[in-house]
Amino acid sequence: MKISLFGTGYVGLVTGASLANLGHDVLCMDVDESKITQLQQGAIPFFEPGLKELVQHNMQAGRLRFTTNTKDAVQFGSVIFNCVGTPCKDDGSANLEYVFTVAKNVATHSQGYQLLINKSTVPPGTAKQCHDLIQQTNSEAMIDVVSNPEFLKEGAAVHDFTHPDKIVIGTTSEQARGVMRKVYSGLVRPYMNLLETNWETAEMIKYANNSFLPMKISFINEIANIADRVGADVKTIAKALGMDYRISPKFLNAGIGYGGSCFPKDIRALVTKAKEHGYDACLLKSVDICNTRQKSVIVQKVKDELGDLTNKKVTIWGLSFKPKTSDIREAPSLVIIEQLLALGAEVHVNDPIAIEEVKKILGSKVTYHNSIYDCVEGSNAIILVTEWDEYRNVDFNVIGNSMRTKMLFDGRNIYDPALVKQAGFTYHGIGRK
Ligand SMILES: NC(=O)c1ccc[n+]([C@@H]2O[C@H](COP(=O)([O-])OP(=O)(O)OC[C@H]3O[C@@H](n4cnc5c(N)ncnc54)[C@H](O)[C@@H]3O)[C@@H](O)[C@H]2O)c1
């Protein structure tokens, strides 16, 4: 099948390369010329495990190409994926300008029957708005709009796209459903759930998904904060909770709060959409408030231990919003670093991948280190912010030798407190000591 795709970010590039790998002929379009030039040379503009190889393999096989030409891209495929960004506006709502630009471009250049598939995360009502916009732009256009949200996670995006728990197809058009089944025919396995719904249900499924998971995180963080005050251990509490089959152990790791390009903006967009419809989504609002507050918890612990932070050196391990990605959008590290700087601390940072991204934001405000060990020299405290594997088995006996004071603030609860203490450190986790 010939497939066009708009937006070559995390979702678009993974979708395009994975669909090409299933044998489709894929043309990807992006307005970012430098990104497209890079991609045409087989380079990937961000880090995502396995993606570079997948892109290069399918480019060499002649099934995956890149362009900045809108008209060519619209007229290439019988189906067109819309994978552009939907960032958060100041009022919390989703900024849909890029989604609508693509819909308008598709209406303008479309020839014959085509599908416009919204893969971007968009609030309920957006597919209908795209449909109306297409009709207003070109009343002759024969375009079925489909809502087909994506559930991949950065760090495992290629695997997630090719092994989804579910494929959601939102359209009431039988013709469009038939085409969508063909798009995914190489992917659908007997155990895989394919859900066919209307537009609004498909759009809401994605928001429900991306609200439920942060709700679990904020819940366990709340339990951790109480555990801290009453002398309980949140890891053991979470383990016990996970033993209850109704709860499941996933997303019950207490820590410094969630970040990333999805959970924070999606939960705010749903709250705002609910408000537009006269509903006060108080549970979802609280999830967001708790998460914002959670990012300060570790800084407070550092202050409690070190007192005045002026001229104190603090080491940050991990900058990306989670391991195995270079993405720093809404990363807790940025908030924690800004708070430490405001308190007068000297901040030294390390990350296996994301340093270059952080330099674009923080510049010379912090000192960057490529070595985990160099980063701690003369430090008063280490804060583990992102649980990259590289940090899991560090030798605290060696680490401690070069530190001014041996303090570890474990923002992700990955270390065994007893082992860290054996190396002469004081240990502070989130909800555990
Ligand atoms: N990143 C994730 O983990 C993830 C997972 C599931 C869903 N989503 C959703 O998918 C969407 C895309 O997310 P992302 O992280 O890939 O975004 P991104 O910011 O990495 O990429 C978006 C791309 O769209 C391009 N773009 C903007 N306007 C365009 C236009 N008119 N034509 C062509 N290209 C255009 C941008 O240049 C950019 O390269 C969002 O709605 C997001 O919420 C993201």
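Keep in mind it's a predicted model, so treat the numbers as computed, not measured.

A.B. asks: Talk me through the overall build of the protein; I want residue IDs and the actual numbers.
C.D. replies: Each helix and strand counted, the protein has 17 helices and 14 strands in total. Relative to its 433 residues, the protein shows a buried fraction of 55%. The contacts of the protein with a sequence gap of at least 6 include a subset with a gap of at least 24, amounting to 73%. If you sum the accessible surface of the protein, you get close to 18,900 Å²; carbon and sulfur atoms cover 52% of it.

A.B. asks: So what's going on with the site of the ligand? Residues and values would help.
C.D. replies: If you check the shell around the ligand, you find 27 residues, and the closest are Asp 30, Lys 35, Thr 86, Glu 154 and Lys 265. Between Gly 7 and the ligand, the recorded distance is 3.4 Å, taken from a backbone N or O atom to a nitrogen atom. The separation between an oxygen atom of the ligand and a polar side-chain atom of Lys 35 is 2.6 Å. In the complex, the protein chains occlude 89% of the 840 Å² of accessible area that the ligand would expose alone. Every element with two or more residues in the shell around the ligand is listed here: α1 (10-21) and α5 (97-109). Top contributing element to the shell around the ligand by residue count: α5, with three residues. Per-domain counts for the shell around the ligand show at least three residues from each of domain 1 (2-197) and domain 2 (207-292).

A.B. asks: Explain the environment of Asn 253 residue by residue, including any values.
C.D. replies: In this fold, Asn 253 is placed in the loop between α10 (234-242) and α11 (263-276). Residue Asn 253 is classed as exposed on the basis of its relative accessible area, which comes to 61%. Distance from Asn 253 to Tyr 184, taken between C-alpha atoms, is 34 Å for residues 69 residues apart in sequence. Other than its neighbours up to four places away in sequence, Asn 253 contacts Ile 220 and Asn 221.

A.B. asks: Describe the side chain of Ser 333, naming the residues involved and giving the relevant values.
C.D. replies: By the secondary structure assignment, Ser 333 is in helix α14 (residues 332-342). Residues contacting Ser 333, with those up to four places away along its chain left out, are Gly 318, Leu 319 and Val 385.

A.B. asks: Outline the sheet that holds strand β9 (residues 313-317), listing residues and values.
C.D. replies: With respect to topology, six strands assemble into an open sheet ordered β11-β10-β9-β12-β13-β14, the strand pairing being parallel. Every other strand in the sheet has two partners, leaving β11 (367-369) and β14 (426-428) as the edge strands with one partner each. Mean inter-strand twist for the sheet, computed between neighbouring axes without regard to direction, equals 20 degrees. In the sheet, strand β10 (residues 346-350) pairs with β11 via three bridges, with the strands oriented parallel. Its bridge partner being in β11, Val 349 is matched across the sheet by Tyr 368. Here helix α15 (residues 355-362) sits on the sheet and contacts β10 and β11; the angle it forms with β11, its principal contact strand, is near 175 degrees.

Each value, and the rule that gives it
- Residues numbered from 1 in each chain as written.
- Predicted model: local features only at pLDDT ≥ 70, side-chain atom pairs only at ≥ 80, totals over all residues.
- Heavy atoms only, no water.
- Helix = DSSP H or I, 4+ residues; strand = E, 2+ residues; numbered from the N terminus.
- Buried < 20%, exposed > 50% of the residue type's maximum accessible area, 1.4 Å probe, protein only.
- Contact = heavy atoms within 4.5 Å.
- Areas by Shrake-Rupley, 256 points an atom, 1.4 Å probe, with all protein chains shown as cover.
- Near = heavy atom within 4 Å.
- Polar contact = N/O pair within 3.5 Å; in protein donor to acceptor, adjacent residues only side chain to side chain.
- Domains from an automatic or database assignment.
- Pairing = 2+ DSSP bridges.
- Axes fitted to C-alpha atoms, helices over the stretch in contact; angles between N-to-C directions.

Fair warning: the whole summary comes from geometry, so function is off the table for now.
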